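# Geometric and topological summary
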Amino acid sequence: MKTNKENTKVSMISAPAIEVEAPEFKTVNNKDYILYGTKNDYPAILKEMMNSSSLHSAILKKKADMSAGKGFETASLEQKNFVNNVNGSETLNEIAYKNAYDLALYGGFCFLVTWSKDKKSIARVQYMDWSKVRKVKELEDDSEVAIRQTEGVEFYQVSSDWTQERKEKYKPEIVQGFSTKYNDVATQLVYVSMYRPGSEDVYPLPDYQACSTYIALDTEIASWHLNSVKNGFTPSMMINMIGVPSDEEMKQFQRKLEDQYSGSANSSKVILTLSEDESQVPVITPLTLNDSDERYKDLANQVKEQIIIGHRASSTVVGVATAGKLGTSNEVIEAEAMFQHNVIDQYQYSLESQYNRIMNFNGIDGEIELTHSVTFDLDEVEEEEQSIKE
């Protein structure tokens, strides 16, 4: 490293900012489907967020468990046979649970239906993984798909691995949306997305989208603490190199330090330097942040709070203890009932309405409903609390 006569140069080494993709749903000329995110990988990003944040994952599972409940309640033998889905590999209770998980994670769910041989009823229902489906864009040719699109029939492409769609094994297959008019296609797709303004013709955004940055922060904080423990809680350092390098040398040196020592994954790592003689030994000064523990504690609390708010839940519902407060049984019951009313009821309605549509089309009267995991009534809880006060 050359020494020049300039004054000391100071450069800050920092981790790259946490980036949470703002999904872009667009069409490109060489694809017949709408891209699900800039790189057509937004479902994978949502799945990674679920697998990397314990709080976020727990809330998603809570939503799925409460939405599916204990399965469908049936009032007749015909309804029971329909739920048993005897021609399929899974019952509708099992499929509904997977659909509920997809609805919580992606903001939508889908399943395949197969027509009977006489084309008068639906003989089988099968689960379809939401992340494997892409919407076909509006075609402007004279194909049968384009003609049916003009009549409101949707089409989709399905691949088991969209990252390898060019390979023959993973080449997308086209599937028609459910249509009672065009039932010449034996297997069709029921595709249901949660409404969000501006997403009618593309893909839905999950209802927790607004707290995505905090979910990423939750992951980064956990990574920082893990690597601090693994690396022995070595304090952060200020490095003063002997001799002032040129601008280009400074940039190269800074890039190498950023690659090796910045970010939560590199927290508390030991810095190794090699010098030809003592005159070139860098000066390394520990920087002790006396309030760093409190700063991370405050940030962690804020992250938890924002994730819970983003899911429209409460600390009591997700099992996060509130400092200085002991939750009574009535408070837990009331919190669960409110969560059921504010969030889960709409999830269950979305699932029930689609299955009831198929069941009624098969000539089976009535409705099947998903049981509530909350078996108490909020009004009863309030009356009990009032009686205790009196």
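Throughout what follows, the structure given in this document is the object of discussion. (Residues numbered from 1 in each chain as written. Predicted model: local features only at pLDDT ≥ 70, side-chain atom pairs only at ≥ 80, totals over all residues. Heavy atoms only, no water.)

Let us look at the pattern of salt bridges. In total, this model carries nine salt bridges according to the counting rule given. Two residues, Arg148 and Asp184, come together in a salt bridge whose shortest N-O distance is 2.9 Å. With a gap of 36 residues between them, Arg148 in helix α5 (residues 144-149) and Asp184 in the loop between β6 (173-176) and β7 (187-193) connect regions that are remote in the sequence. A relative accessible area of 51% means that Asp184 is categorised as exposed. Close ionic contact of Lys181 with Glu151 constitutes a salt bridge, the shortest N to O distance being 2.7 Å. Of the two residues, Lys181 sits in the loop between β6 and β7 while Glu151 sits in the loop between α5 and β5 (155-158), which places them 30 residues apart along the sequence. For Lys181, a relative accessible area of 58% translates into the label exposed. (Salt bridge = Lys/Arg side-chain N within 4 Å of Asp/Glu carboxyl O. Helix = DSSP H or I, 4+ residues; strand = E, 2+ residues; numbered from the N terminus. Buried < 20%, exposed > 50% of the residue type's maximum accessible area, 1.4 Å probe, protein only.)

Packing of helix α1 (residues 42-52) against helix α2 (residues 54-68) brings their axes to within 5 Å, and their N-to-C directions diverge by 105 degrees. Considering the angle they form, α1 stands roughly perpendicular to α2. Residues Met49, Met50 and Ser52 of α1 pack against Ser54, His56, Ser57 and Leu60 of α2. Residue composition of the contact of α1 with α2, by class: three nonpolar, four polar and no charged. (Axes fitted to C-alpha atoms, helices over the stretch in contact; angles between N-to-C directions. Parallel < 35°, antiparallel > 145°, perpendicular 65-115°, else oblique. Contact = heavy atoms within 4.5 Å. Nonpolar A, V, L, I, M, F, W, Y, C, P; charged D, E, K, R; others polar.)

Let us look at the packing of α2 against helix α4 (residues 92-106). One can describe the packing of α2 onto α4 by two numbers: an axis separation of 8 Å at closest approach and a directional angle of 140 degrees. The orientation of α2 with respect to α4, classified from their angle, is oblique. Judged by the sense of rotation from one axis to the other, the crossing of α2 with α4 is right-handed. Contacts between α2 and α4 involve Leu60, Lys61, Lys63, Ala64, Asp65, Ser67 and Ala68 from the first element and Tyr97, Ala100, Tyr101, Ala104 and Leu105 from the second. Its residues assigned to classes, the contact of α2 with α4 comprises eight nonpolar, one polar and three charged. (Left-handed = near helix turned anticlockwise from the far one by under 90°.)

Next up on the list: the pairing of β5. Residues Phe155 and Gln157 of β5 are buried on one face, and the alternating residues Tyr156 and Val158, pointing to the opposite face, are buried as well. Here three bridges tie strand β4 (residues 133-135) to β5, and the two strands are oriented antiparallel to one another. In the sheet register, Lys135 faces β5, and the bridge partner there is Tyr156. Sheet topology places β5 next to β6; four bridges connect them, and they run antiparallel. Each residue of the ladder has a partner; that of Tyr156, found in β6, is Val175. (Pairing = 2+ DSSP bridges.)

Within a sheet, neighbouring strands are paired by backbone hydrogen bonds and run either parallel or antiparallel to one another. Pairing within the open sheet is antiparallel, and its three strands lie in the order β4-β5-β6. With one partner strand each, in any of the chains shown, β4 and β6 form the two edges of the open sheet. Each neighbouring strand pair of the sheet contributes to a mean axis angle of 35 degrees, computed without reference to strand direction.

A few words on the packing of aromatic side chains. Across all of its chains, the model carries 12 aromatic pairs by this definition. Seen from their ring centres, Phe25 and Tyr203 are 5.4 Å apart, and the 75 degrees between their planes marks the pair as edge-to-face. Of this pair, Phe25 sits in the segment before α1 while Tyr203 sits in the loop between β7 and α6 (212-230); the two residues are 178 residues apart in sequence, bridging distant segments of the chain. Given the relative accessible area of 19%, Phe25 is considered buried. Plain terms: the ring middles of Phe72 and Tyr355 are 5.5 Å apart, the flat faces sit at 65 degrees to each other, and that makes the pair edge-to-face. Residue Phe72 is found in strand β1 (residues 72-73), and its partner Tyr355 is found in helix α10 (residues 329-361); the two are separated by 283 residues along the sequence. Tyr355 carries the same exposure label as Phe72, and that label is buried. In this structure an aromatic cluster arises from ring pairing among Phe25, Tyr36 and Tyr203. (Phe/Tyr/Trp six-rings, centres within 6.5 Å; stacked < 30°, edge-to-face > 60°.)

A few words now on α4. Its 15 residues give α4 an end-to-end C-alpha distance of 20 Å, which sits within 8% of 21 Å, the value for a rise of 1.5 Å per residue. Listed in full, the buried residues belonging to α4 are Leu92, Ile95, Ala96, Asn99, Ala100, Asp102, Leu103, Ala104, Leu105 and Tyr106. In the segment just after α4, Gly107 is the residue with positive phi, at about 90 degrees. (Expected span 1.5 Å × (residues − 1).)

Within the largest apolar cluster, 68 residues are counted, with the highest numbers of intra-cluster contacts made by Leu189 and Tyr355. A per-element tally of this core places α10 first, with nine residues. Tyr355 has contacts with Phe72, Phe82, Leu92, Ile95, Ala96, Asn99, Phe111, Val125 and Ile368, leaving out every residue within four places of it along the chain. Val136, Val145, Val153 and Tyr182 belong to the second largest nonpolar core, which has five residues in total. (Core = buried A, V, L, I, M, F, W, Y, C linked by side-chain atoms within 4.5 Å.)

On to the environment of Ser57, then. With respect to the secondary-structure elements, Ser57 resides in helix α2. Here the alpha-carbon distance between Ser57 and Lys47, two residues 10 residues apart in the chain, equals 9.5 Å.

This next bit is on the sheet that holds β7. A sheet is described by the order of its strands in space; here three strands give the open sequence β3-β2-β7, paired in antiparallel fashion. Looking along the sheet, the strands with just one partner apiece sit at the ends: β3 (122-128) and β7. Direction aside, the axes of adjacent strands within the sheet are offset by 25 degrees on average. Here strand β2 (residues 108-115) runs beside β7; their pairing, made up of seven bridges, is antiparallel. Bridge assignment links Leu112 to a residue of β7, and that residue is Leu189.

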